[in-house]
Amino acid sequence: MTSTDRKAAGPPALRHREAAVLAAEELRRVVDLARSLEPDDWAQPTDCPAWDVRALLGHVLGMMEFSSSFREFVHVFRAGQKAAAGRPVIDGITEVQVAYRAGLSRQQLLDRLTAAAPRAARARRRLPAPLRAIPMKQETPDGTEFWRLGYLFDVILTRDPWMHRVDICRAIGREPVLTAEHDGRLVADVVAEWARRHGRPFHLTLTGPAGGTFDVSRGAAPVGEITEDAVEFCRILSGRSAGSGLLSQPVPF
C-alpha cells in the first residue's frame, strides 16, 4: 500500500519488522551516497550549522556504531552526558560522535560506514522486545518526553540518517534518491506522528516521489488544508525550515 492509499484514519504506525526493513535500506542508501561524493563535496556546509558534510558523516557513522554495540552505546551515552553540560544529552552524544571520528581519513570513514551499516541494521532488527520496552528520558521541542528504546531504534535512528541524506544532497546540489515504497513510507510515518501530536483535523497533500494525500477529519472540518513538497514538509517539522499553523508542530528526527 502506498501513502496515497492511507486516508481517513491516517497511516499505520511502523511495527518492528517493517521498521527493520526500512532501516537496512536507509543505511544502505546513506552509504551509497557517501561513496559517491566528489572531493570538493566533503567540505560543503550543511543545514546542521556546526557540521560540514564530513562532520555530518562522522555523526552518521557514530550513530550506526552506537546502535550496533552495547559497549559503544553505554560509553558514548555516558560521555555524551558529561559533554552536554546541562544541555539535552543528545547534543553531547552527537558532539562526542563527531569528535571521536574527526581524525579518520575520508577512506577510513567510508570503509567504516560500509562495515557499520549492515551491522547496525542487524543489531536493530535483533533487539529483543524486553529491551525495546525500556523507557528513556528525552528532551524535545515539546518538552521532556519518555521514549521507549524501541521508538529510538525503530523510528528515530532511521529518520535521522534519512534527514541527513537530504542534508548532504542539499549541500552538494544533488537530488536525493526517493521512492514511494521506501521514502514514502518513512514520510507517512512522520505524518502519522505529527497528526497524533497536534490532534487536529487536517487535509494534507504532499508532492514528489515520497508524497501522498492524507485526510484526517476526526469528525470535524479540517483546521488545515496544506499542500507541500514531502521532503520540505519533513524539513519544516524537523526545525530546518520555518512553519506556521499546524506546521509549527515539531516531530523528532
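Described below are features of the structure shown in this document. Please read all numbers here as calculations on a predicted model, not as lab measurements.

Focus on the overall build of the protein
Then, number 1: Summing up its helical and strand segments, the protein has 9 helices and 5 strands in all.
Then, number 2: Taken from N to C terminus, the helices and strands of the protein fall in the order α-α-α-α-α-α-β-β-α-α-β-β-β-α.
Then, number 3: A compact globule built from 253 residues would reach a C-alpha radius of gyration of about 18 Å, and the protein, at 18 Å, matches this within 12%.
Then, number 4: Looking at the protein residue by residue over its 253 residues, the buried ones come to 51%.
Then, number 5: Counting only carbon and sulfur atoms, one obtains 54% of the accessible surface of the protein, whose full area is about 12000 Å².
Then, number 6: Of the side chains in the protein, 34 bear a positive and 31 a negative charge, and the two mean positions are spaced by 8 Å.

Considerations on the layout of surface pockets
Then, number 1: Of the volumes computed, that of the second largest pocket is approximately 230 Å³.
Then, number 2: The wall of the second largest pocket is formed by 17 residues, among which R170, E175, P176, D229 and V231 lie closest to the centre.
Then, number 3: Elements supplying a minimum of two residues to the lining of the second largest pocket: helix 7 (149–172) and helix 9 (230–238).
Then, number 4: Partitioning the lining of the second largest pocket into residue classes produces 8 nonpolar, 3 polar and 6 charged.

Considering the pattern of salt bridges
Then, number 1: Across all of its chains, the model carries 19 salt bridges by this definition.
Then, number 2: A salt bridge links E145 to R197; the shortest N-O distance between them is 2.7 Å. Highlighted residues: E145 in strand 2 (residues 143–148) and R197 in helix 8 (residues 180–198), separated in sequence by 52 residues.
Then, number 3: Measuring nitrogen to oxygen at the nearest pair gives 2.8 Å for the salt bridge that ties R159 to E193. Of this pair, R159 sits in helix 7 while E193 is found in helix 8, placing the two residues 34 residues apart along the sequence. Across the pair, exposure class does not vary: R159 and E193 are buried alike.
Then, number 4: Bridged by salt links that share partners, the residues E25, E26, R28, R29, D32, R165 and D183 form one connected network.

Brief notes about empty space enclosed by the protein
Then, number 1: Across all of its chains, the model carries 1 cavity of 30 Å³ or more by this definition.
Then, number 2: Of the pockets and cavities examined, the largest cavity occupies roughly 60 Å³.
Then, number 3: Those elements that provide at least two residues to the lining of the largest cavity are helix 2 (53–68), helix 5 (106–126) and helix 7.
Then, number 4: At 4 residues, helix 2 tops the list of elements feeding residues into the lining of the largest cavity.
Then, number 5: Here the lining of the largest cavity is composed, by residue class, of 7 nonpolar, 1 polar and 2 charged.

Rules and cut-offs
- Residues numbered from 1 in each chain as written.
- Predicted model: local features only at pLDDT ≥ 70, side-chain atom pairs only at ≥ 80, totals over all residues.
- Heavy atoms only, no water.
- Helix = DSSP H or I, 4+ residues; strand = E, 2+ residues; numbered from the N terminus.
- Rg over C-alpha atoms; globule rule 2.2 N^0.38 Å.
- Buried < 20%, exposed > 50% of the residue type's maximum accessible area, 1.4 Å probe, protein only.
- Areas by Shrake-Rupley, 256 points an atom, 1.4 Å probe, with all protein chains shown as cover.
- Lys, Arg positive; Asp, Glu negative; His and termini not counted.
- Charge placed at Lys NZ, Arg CZ, Asp CG, Glu CD.
- 1 Å grid on protein atoms, 1.4 Å probe; cavity = no way out; pocket = protein on both sides within 12 Å on 5 of 7 lines; lining within 4 Å.
- Points joined across faces, edges and corners; volume = space filled by probe spheres on them.
- Nonpolar A, V, L, I, M, F, W, Y, C, P; charged D, E, K, R; others polar.
- Salt bridge = Lys/Arg side-chain N within 4 Å of Asp/Glu carboxyl O.

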